[in-house]
Each structure stands twice: as structure tokens, then as C-alpha cells.
Amino acid sequence: MESVGNTGDSPGELVVTVENALQQLYYDPDMEQKNAAQRWLTQAQASPQAWHFCWALLGPDKLPEVQFFGASTLHTKISHHWADLQPDQHPGLRTQLLSHVLRFSSGPRMVLTRLCVALASLALNLVPQAWPEPVADLVRAFQPETEPPEGAAAAPQEGPQEAPPHARCLVLLELLTVLPEELQSSRLAQARRAQLREALAGEWATVCPLLRRLLQSPDSPGPVKQRVLRCLSGWTALGVALEESRGLVEDCFSALGDAELFDAAVETIVTVLSQPDCQRCRAALGGLIPVVLGLRERLEAAAGAGDMETTHGICRIAVALGETHSRVLLEQVDQWQDYLALVNMILFCTGTPGHYPVSETSSSLTLTFWYTLQDDIMSLEEERQALYLSVYREVYVRLVEVLLQKAHYAPEEEYASWSADDKEQFRTYRVDISDTLMYVYEMLGAELLSSLYERLGGLVLGPGRGAAWQDIEALLFGFQSIAETIDVNYSDVIPGLIGLLPRISISTVLLADTVMYTIGSLAEWLADHPVMLVKILPMVLQGLAKPELSVSSVSTLKRICRECQHDLAPYAHDIIRVSQDVLLRDIHKSSQCMWLMQGMGFLLSSLPAEAVLGSLQAFLSPHIQRLDSLAQQQPCPSNKPSIIHILGLLSSLFTTLDINRHAPSLETAVPAPPTPPQAPHNPVVVVLQQVLTLIQNILSKWLNDSEVVEAVCGVFEKSVRTLLHGFGPMVPQLSAMLGQIYCTYPQSSALDLTRQMVHIFAAEREFFSPVQDLVEVLTSATLAIFQQGPRDHPDIADSFMQLHAQIFKRKPDLYLSEHLDVSSLFCCGVMFLKCPEAGTVRSASLFFTELFPRFKDLPAVGAVVLSEGRLLVQTLLQAVGGEAPRSLGDHFSEVLFSMNRNCVGLLARWLEETLQDPTFPSTLVSVQQKDAFRQRLLREQTNRRQVKEVVKEFSLLCRGQQGVGYSTQ
């Protein structure tokens, strides 16, 4: 489509073109045509002609979607292009807009709403100088019994007469609703926003009586009352004082008795009570507590009758008041009994009868309140804190009972009938209960653990021992919740708990899972009390052999191996034997097998140095034999999962197997001196050298399969990350293998592994040569791939850019090589900036960001910057100007910032040259705007955030989206 400003169409022809574009947007099946229409329509809305054609699109003979676009265009022009109008045009626009609002009072609703929003935008642009009291004028204009005052709503005479009173009332309420909403959603300067808030809040005295009259009137239909409630919600956000609207809020409570209005009334009351500004009116806020408490009887009746909707709504109201204003209400000493009653009401909500989420949905709303209350009490000064702890202690004791009851599983048959979604919601709900119990511990301390232990002991050891398994499971869940996050090392009940665990009669998988997770939560405690391992490990190893306990038993063993590895030597043989057995029998799913191998890595790391290699080889032997057998066979789909699985086992094991446990992490790794020749190699390196031929054999047959190649690279990458410099002996062999792999069938995983090797080994003299050779081979092969463009290999493009960004950061000397085509590499990076994939653009931007600080020190790079830098700047400006999504703007800003810091003279020249074209990078920006952008950008050489703001504003200008709301008024 031709640019709007260049069509030369008459206004009537332009309207037809807009309608055709809308037809194309809504009904053309071709996405490219839809996108083209969308772009053209956006440009049309930004054009000066839009002030005129929008009215034609609102004609009564137009389709609703055309009318909607006309109303949306009018709002866009008023909110973003207000400066186009002269002051003497404002009254006419207001009159015309009011007339159309009245004409559309009977619908279509979507068009009416957009026109009301446009009128709200107009009001915000004129307040307070040109339109001092817009609300009062609108109320007078739209009330049925009066004619519009002169200058306020000078609509054509047929407008008011044609709109029936009921419709006019709804239009007025719609206007009063969208006015504060438009203020909240607009981009405004802080001072302007404050000015408008103050002006509108001053008109609440006009709005509030009107809303009360409509809400109280028995003649007001339901839709009007619902609109009143929504209107109050919008005005509340303006910070209207609660004292000024308390009567209306109490009317909302009365509306709860109307089933038709109940949901809307709840939403409004919750919105009002959730405003922090209410705390300024403490008396009014305290006066609402009895009103909320008055709902207690209805709440209990609804909960008893299983009325989930009513229970949920009243619960939301109680929580909104108690949670939002907890601190203020605590400080109202003269009302402490009322607030305590409110807290007990919320406790009732927490204990709503039924199983969440199947037969009740209210209890989850209250859990955050208990944290808020506990936090507010604990933050009081010591004397008052002690007082409130004594007052609320009993509440929290009962809360523990309630939470454990709500954590109960339903009877097994009933639970089995739940949907997967219900079970997942219940699992998440129990996590929230677990967090709440942790907060309760802050209030009750060791008393809580003692109480749980006494009750558990009574159930496990008591006479008859016929307790329901859910009771035992809930108590264990309570222990687990606290032990996961609280240091229980000094608790005197944990040894007793450890003694009880083997004596629990386990009859269900759910109880067995919780037993396992409880043991896992005590792993740190066991590390400090290793004598207790002998009681616990047999249970864990027994669970390991049961498929139904796969997740809980494997995760628990992994935690024990990690936390207690220094004390596991007496049990290592049994742990390795059982783990090997379950792995060979394929008891667990692949993900659990990976966890188990990580646990074995921790365990093997703790063995005496002379025993590690032998144990490792014995443990891996069956898997290596299986892998060797698969390698001998011809590739087939049935073998592939087994190969990937075994390689994954090796990767997981090498992730945690580190006999030098105190080595620095990868992120903080620094060059280390070469290992003395007489020092023995790391056991992992020995194993990798032994299986290297086997891996090469697998690759020779599966080289075209990216998943297998990725799994192979994963084995080495995990080893590099764990061993760091200890991996050094493998570098020459691995470099050669990676070069062969990549030249035959390029894979992003090979580039990622090379990046890790560059990070660790490129700075070491011993390994510089093989790493350099590898980088040269990979770079040459990758550049050959992208001679035809990056479209088919976005993953390779992403990894390739990350690799070279790492080289610039860690070892830029690699670019001194004559075998690296730096010019092609630079142009490749420019090409990747145009890719649609965000990850590729981010990595290419990172590449250039790391390049410019180094280019003066590297002759080849410096020469390329001088010859191709202008192309890079042009590409960046094209992207910022509209060719790339706005979400990528920060990445382009980073490149421009790096250039500005390191070659500001060159950047200034390239900006001046590229911006000379009057149509570049967009026809929507003027020469003056481009000059302002260039000057502002070049001034910012130290403030990264400011550069992002400059680029963002220029991008909006180029896209015709430069509106700044009403901040210019």
C-alpha cells in the first residue's frame, strides 16, 4: 500500500481505502496481507488526514468494525497528536465528539466505549485551564431533565431528544468510569498527572451524590447499578478520601443483598478496601470493621450450605480489609477487639469446609494475610510485640490446626476421581500452606515442632494405632514444611522424629512420598548428626526400588548424597549397589535417572582419592558396555533413545563428580598453571579418554542427528564446567574431534562447547594452539554456511555470535591470526542483527558490544570497523526505525552505547551520513528530529540508561507512535 501522505486521494477516496484495508485486515486469509494492512492502518492513524476521515468512518451507514476504527483513530489523534490542533479548534471538536457520543448511546457498545474514551482524553487535555469542571458539565449535559449548558455540551438539538433517559444515564456513567481509567493508563509527566488527579478528585463532590442516588433508587435498573459500582472502582484509584465516599461504600455493602449485584459489589468493595490511601482516614477505616463483621453470619451460612460464590466473595472482602491495612488496624488500640474478631473471621475463611479446589476455593485467598499479620507484629517495638504475641498466640495455634486439616488428602477413591488440573492446584495449595507454616513458626517457635511431634508420636505409638493415614501424613507435611526453610539443628525433637519414621505403617503411596520428602528436608540436619543415617538410609534405599516412589526417593537420596557426602563412606557400597541395580532394571524415568546419577557424582566425589577411579569404572561399566553394543549396530530409531539416555547419564554424573570440590565455579574461573606431568589425571578425564574412541564411533554413524551430537557435546560440556582446568588433558583431542564434527555437520552444541573451552583454556599457553585451531575451523565453516543467509540456522547464528563475543571478552589475541576472516565475521554479525529471532539479535548485539572496546588494539578488526562501520550504523537505525520489533530496542542501544564510548568520532560521521537521506530511517521523522536524536545520542557516553531512552523515543517517532499522553499540556 502507498504511504498515506503520498496517495493524493481525496478525503472520500481515502475513506474507501481505509475501509478496504480494514476488510483486508479482518477477512484476508493471507497473513502477509493482514500484516501489510495493519502497518498501513497504523500509519494512517498517525497521518494528519486522520483528523478528517475518522468522522466519515463513524457514519451511520458504516459497518461496526469500520465505526470502531474511526472511534479508535479519534482517540489516537486526541491522546497522541493533540499538538496538531490550534486552541480555536478545541470547542468544535468537543461539540462534535459529544454529538457522536449521544448518537451512539444505543450502540454498538464497542464504538460507544471508544468514543467515551476519546472524550475522556479530550477532557484530560483541556483540564483545568480550558475546561475547569468537565465532570459537572457532563453531568448537567446528560441528565434527562435538563438541556446541555452553553459551551459544555453544545450538541445538535436532535441529539439529546433522540437519546432516551435510560441510555443517556448509561452513557454518563460510562463517561464517568472511563475518565479516571484513562488518566491511570496514560503516559504522563509526574507533575501533570498530579495536577489532573487533583482536578478530578475535586469533582468527586459532584459524582458521589449522583452515584448514591442511582444506587439507592428502587427505580434504577440492574445495569445502571452495576455501572455505578464499576464507576466507584475507577474513582477510588484517584485517591479519593474514604471519608468522602464512606456512605457510598456502605451502600455497596447493602448491594451485597441483591444477587444480581453481588459480584459487582464485591469487586468494588475489594477495590476500595485495597487502596493503601485508605489508611489516611483511620476513623473511617475502623468504622468499616463492624460492617465487614456484620457479614460473618452470612459467611458461615454460605459455607455450611456449600455456596462457594458467596463464601468466596465475603472472604475476599474480609481479607482485603485485614491484609491491606493490617499495620494500621493493629495500631488502633481502642479497636483491638474488633480487629481480633476480623482476624478470627479470616481464620474461619482459612478453614472453609471442603477440599480445595474441588468443593471450596476461598481458603487459598487468606494465606498471604497470615504472613502479613505475622510480619507486622514482629516489626513492632519489643514491648508492643510481646503484647500482641500474647493476644494472637492462640489464633496462630488454632491456625496450625486449620492448615494441617486443609492439607489433608481426600479419601483415596475420591482423590483418584479428581482431574489432573485439580490435583495440580491442590499440590500448589499445599506449597502455599507449607510457606504459611514457616511464617507460623516465626510466631510460635520450637513450641510448634514440639506440638507436631507429640501428636505424631500419639498417632504412631498410641493404643490401637488406628489413625487415618491422612492425619499422619499431614503432621509429617508440617515437619517437612518447617525443616525445608528453618534451621532445625537445635531442635530436640528431630532425633525422636527420626526414630518414629521407621515405625510408621505406610499403606499408601501418598504417605510414603511424604515420608521420603520429610527425610529429604532433614538432609542438612543429618549432615550434622551422621550417626542417625543408619536409621534412615535403609528406608530410602528400599523406596528407591519402588517405581511409584521414583521422584521422592531419588530426590531424597540425591539430597543426602549432596549434604552428607563426607559421612557416607560406610554406606557407599550399598548405595552404589542399589543405585546400579535400579538403573539397570529401568525402574525410573529418564529424568529421575539423571537425578540419581548426580547423587552418585556427589557420593563418588567423597570417596578416598585412590578409590574413586575404580568405583567409577565399576559403576559405569555396564552402561559403557551397553553403549558399545549400540555403537556396533546400524543407526535405527529404536536405538536412538537408549544412546541419548546413556550419554545423559554420563553428563549428569560428570556434573557433580569433582574430587577437587573447592575449585572455583565457571563464572569465576581464572587461568591456572599447567598440571605437573607426574600428577595423576582426574578420574573423569581418565574415563573420558577411555571412551573417546567409542564416542567417535557413535558420532561416525549418528553425525547427522542433532540430538545425538548434542548429547555427546553435553558429556564434555558438563565435564568442562565441573572440572575447569582439570579438564586440560582432554583439550587437544576434544578440539580435533569438535572440528571434525562441525565441518561434517554443523551443530550449535559444538559451538557452545567451544565457547566454554575458550572461556577456560584460551588464556593458557599450553592449550592456546589447539583452541585457536578449533576457532579457526569453526569460524570458516560457519561463514561458509551463512553465505546464503541465516534463515535456516538461527540456532547456529545465535551460538556463533556468543562464541565470538566470548573470544573478544576473554582472548581477543585470537583475532591476530591471519586465518580468521574478520571482515566476513563482521558482516555476518550485521546480517544477524536483521534476524527475526530475538535470541540471535541479542547475541549479535553482544558480539558488537564486546568488539568495539578492543578494535583499536587489533589491526584487522580496526580495518573492518573503518570499512564496514557505516553499514552497521545504517542497519541499527533501520532496525530502530521500524524494521525490528520495539522489544529489541535495548539490544541496539547497547551497540550504539559501545560505539559511542569507544569511537565517538566515527559514530558521529556515520550518523550524519546515514541520516542525510530524508526518507531514512522513516518518512515520519523530520530533519530537525533526526538532528536532535543524533546530538542527544552523541552526548551520552557514560549513561547507558539515558542512551536507551534516547533510542526508544526516536524509535517511537519513526513508527508514528511518539505520543506522550498529556504530558505536554
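The structure presented is a predicted model; accordingly, all values stated were derived computationally and were not measured. (Residues numbered from 1 in each chain as written. Predicted model: local features only at pLDDT ≥ 70, side-chain atom pairs only at ≥ 80, totals over all residues. Heavy atoms only, no water.)

1. Some remarks on the overall build of the protein chain
Alright, step 1. A count of helices and strands for the protein chain gives 47 helices and zero strands.
Alright, step 2. Along the three orthogonal principal directions, the C-alpha set of the protein chain runs to about 100 × 85 × 55 Å.
Alright, step 3. Counting every position in the protein chain, which comprises 969 residues, the buried fraction comes to 55%.
Alright, step 4. Counted over contacts in the protein chain with a minimum sequence separation of 6, partners at least 24 positions apart contribute 75%.
Alright, step 5. Just so you have it, the protein chain exposes about 41,200 Å², and 51% of that area is on carbon and sulfur atoms.
Alright, step 6. A gap of 3 Å separates the mean positions of the 73 positive and 107 negative side-chain charges of the protein chain. (Helix = DSSP H or I, 4+ residues; strand = E, 2+ residues; numbered from the N terminus. Buried < 20%, exposed > 50% of the residue type's maximum accessible area, 1.4 Å probe, protein only. Contact = heavy atoms within 4.5 Å. Areas by Shrake-Rupley, 256 points an atom, 1.4 Å probe, with all protein chains shown as cover. Lys, Arg positive; Asp, Glu negative; His and termini not counted. Charge placed at Lys NZ, Arg CZ, Asp CG, Glu CD.)

2. Focus: the nonpolar core
Alright, step 1. Among the nonpolar cores identified, the biggest contains 318 residues, and Tyr392 and Phe716 are the most heavily contacted of them.
Alright, step 2. Sort the elements by how many residues they give to this core and helix H6 (residues 109-126) lands first, with 12 residues.
Alright, step 3. Ignoring anything within four residues of it in the chain, the contact list for Phe716 reads Leu688, Leu692, Ile695, Phe727, Met730, Leu734, Met737 and Leu753.
Alright, step 4. Core analysis: the next-biggest nonpolar cluster, separate from the first, contains 15 residues, Val15, Val18, Leu22 and Val66 among them. (Core = buried A, V, L, I, M, F, W, Y, C linked by side-chain atoms within 4.5 Å.)

3. Concerning the pattern of salt bridges
Alright, step 1. Tallied over the entire structure, the rule returns 35 salt bridges.
Alright, step 2. Two residues, Glu19 and Lys62, come together in a salt bridge whose shortest N-O distance is 2.9 Å. With Glu19 in helix H1 (residues 11-27) and Lys62 in the loop between helix H3 (50-57) and helix H4 (64-80), this pair connects stretches of sequence that are 43 residues apart.
Alright, step 3. Glu19 sits in the partly exposed class, given a relative accessible area of 24%.
Alright, step 4. Members of the salt-bridge network, linked through shared partners, are Arg109, Glu174, Glu181, Arg227 and Arg230. (Salt bridge = Lys/Arg side-chain N within 4 Å of Asp/Glu carboxyl O.)

4. What to know about the packing of helix H38 (residues 748-761) against helix H39 (residues 765-785)
Alright, step 1. Two numbers describe how H38 lies on H39: the axes approach to 11 Å, and their chain directions differ by 150°. In terms of orientation, H38 lies roughly antiparallel with respect to H39. Crossing of H38 against H39: the hand is left-handed. Counting all contacts with H38, which are made through Ala750, Leu751, Thr754, Met757, Val758 and Phe761, the residues of H39 involved are Phe767, Phe768, Val771, Leu774, Val775, Leu778 and Thr782.
Alright, step 2. Of the residues belonging to the contact of H38 with H39, the class tally is 11 nonpolar, two polar and no charged. (Axes fitted to C-alpha atoms, helices over the stretch in contact; angles between N-to-C directions. Parallel < 35°, antiparallel > 145°, perpendicular 65-115°, else oblique. Left-handed = near helix turned anticlockwise from the far one by under 90°. Nonpolar A, V, L, I, M, F, W, Y, C, P; charged D, E, K, R; others polar.)

5. Some words on the packing of aromatic side chains
Alright, step 1. The final tally for this structure, using the stated rule, is 23 aromatic pairs.
Alright, step 2. Aromatic side chains Phe369 and Trp370 sit 4.9 Å apart centroid to centroid with 70° between the ring planes, which places their arrangement in the edge-to-face category. Here the two residues Phe369 and Trp370 agree in accessibility, since each one is buried.
Alright, step 3. A network of ring pairs unites the aromatic residues Tyr356, Tyr409, Tyr415, Trp418, Phe426, Tyr429 and Trp469 as a single cluster.
Alright, step 4. The ring of Phe477 has Arg430 sitting right over it, with the charged end atom 4.1 Å from the ring centre. (Phe/Tyr/Trp six-rings, centres within 6.5 Å; stacked < 30°, edge-to-face > 60°. Lys NZ or Arg CZ within 6 Å of the ring centre and 35° of its normal.)

6. Some details on helix H15 (residues 282-293)
Think of an α-helix as 3.6 residues a turn; residues three or four steps apart then line up on the same face.
Alright, step 1. Compared with the 16 Å implied by 1.5 Å per residue over 12 residues, the 17 Å span of H15 between its first and last C-alpha is a close match.
Alright, step 2. Taken together, the buried positions of H15 are occupied by Ala284, Leu285, Gly286, Gly287, Leu288, Ile289 and Val292. (Expected span 1.5 Å × (residues − 1).)

7. Structural notes on helix H31 (residues 572-584)
Alright, step 1. Along its 13 residues, H31 runs 18 Å from first to last C-alpha, staying within 8% of the 18 Å computed at 1.5 Å per residue.
Alright, step 2. For H31, the secondary structure elements touched by its buried residues are helix H29 (533-544), helix H30 (550-563), helix H32 (590-605), helix H33 (609-632) and helix H34 (640-656).
Alright, step 3. Looking one or two places after H31, you find Asp586, whose phi comes out positive at around 55°.

8. Points about the environment of Met110
Alright, step 1. Along the chain, Met110 turns up in helix H6.
Alright, step 2. Among the residues examined, Met110 registers a relative accessible area of 39% and is labelled partly exposed.
Alright, step 3. Here Met110 is in contact with Pro64, Glu65 and Phe68, once residues within four sequence places are set aside.

9. Focus: the environment of Thr744
Alright, step 1. Here Thr744 is to be found in helix H37 (residues 731-744).
Alright, step 2. Residue classification places Thr744 among the exposed residues on the basis of a relative accessible area of 51%.
Alright, step 3. Spatially, the C-alpha atoms of Thr744 and Ser700 are 10.0 Å apart, while their sequence positions differ by 44 residues.
Alright, step 4. Side-chain polar atoms of Thr744 contact the backbone oxygen of Gln740, separated by 2.8 Å. (Polar contact = N/O pair within 3.5 Å; in protein donor to acceptor, adjacent residues only side chain to side chain.)

10. A few points about the confidence of the model for the protein chain
Alright, step 1. The pLDDT averaged across the protein chain works out to 89; a share of 93% of its residues lies at or above 70.
Alright, step 2. With pLDDT under 50 throughout, residues 145-161 is counted as low confidence; its partners more than four residues away or in other chains account for 26 contacts.
Alright, step 3. Note on residues 662-679: pLDDT under 50 across the span, and 18 contacts to partners over four residues away in sequence or across chains. (pLDDT = per-residue confidence, 0-100.)

11. Let's talk about the side chain of Gln24
Alright, step 1. Inspection of the secondary structure assignment puts Gln24 in helix H1.
Alright, step 2. At a separation of 2.7 Å, a polar atom in the side chain of Gln24 contacts the main-chain carbonyl oxygen of Gln33.

12. Considering the environment of Ala860
Alright, step 1. If you trace the backbone, Ala860 turns up in helix H43 (residues 859-883).
Alright, step 2. Sequence spacing of Ala860 and Ser845 is 15 residues, and the spatial spacing of their C-alpha atoms is 20 Å.
Alright, step 3. Not counting residues within four places of it along the chain, the set of residues in contact with Ala860 comprises Tyr815 and Val822.

13. A look at the packing of H31 against H32
Alright, step 1. It is the contact of H31 with H32, at a shortest axis distance of 11 Å, that shows an interaxial angle of 155°. Relative to H32, the element H31 lies roughly antiparallel. Crossing handedness for the pair H31 and H32: left-handed. Each of Ala572, Ile575, Ile576, Ser579, Val582 and Leu583 in H31 lies in contact with H32, whose residues at this interface are Cys593, Leu596, Met597, Met600, Leu603 and Leu604.
Alright, step 2. In terms of residue class, the contact of H31 with H32 is made up of 11 nonpolar, one polar and no charged.

14. Observations concerning unusual backbone geometry
For residues that are not glycine, phi is negative in most cases, and the peptide bond is trans in most cases.
Alright, step 1. The residue after Val127, namely Pro128, is reached through a cis peptide bond having omega -5°.
Alright, step 2. Among the secondary structure elements, Pro128 is positioned in the loop between H6 and helix H7 (134-142).
Alright, step 3. Note that the residue after Phe920, namely Pro921, is joined by a cis bond; omega there is -5°.
Alright, step 4. Tracing the backbone shows Pro921 in the loop between helix H45 (904-914) and helix H46 (927-939).
Alright, step 5. Here Asp586, not a glycine, exhibits a phi torsion of approximately 55°, which is positive.
Alright, step 6. Within the secondary structure, Asp586 is located in the loop between H31 and H32.
Alright, step 7. According to the relative accessible area criterion, Asp586 is exposed, its value standing at 57%.

15. Observations concerning the side chain of Gln374
Alright, step 1. Mapped onto the elements, Gln374 comes out in helix H20 (residues 367-378).
Alright, step 2. The class of Gln374 is buried, set by a relative accessible area of 6%.
Alright, step 3. Non-local contacts of Gln374, meaning those with residues more than four positions away in its chain, are made with Tyr396, Tyr439, Glu442 and Met443.

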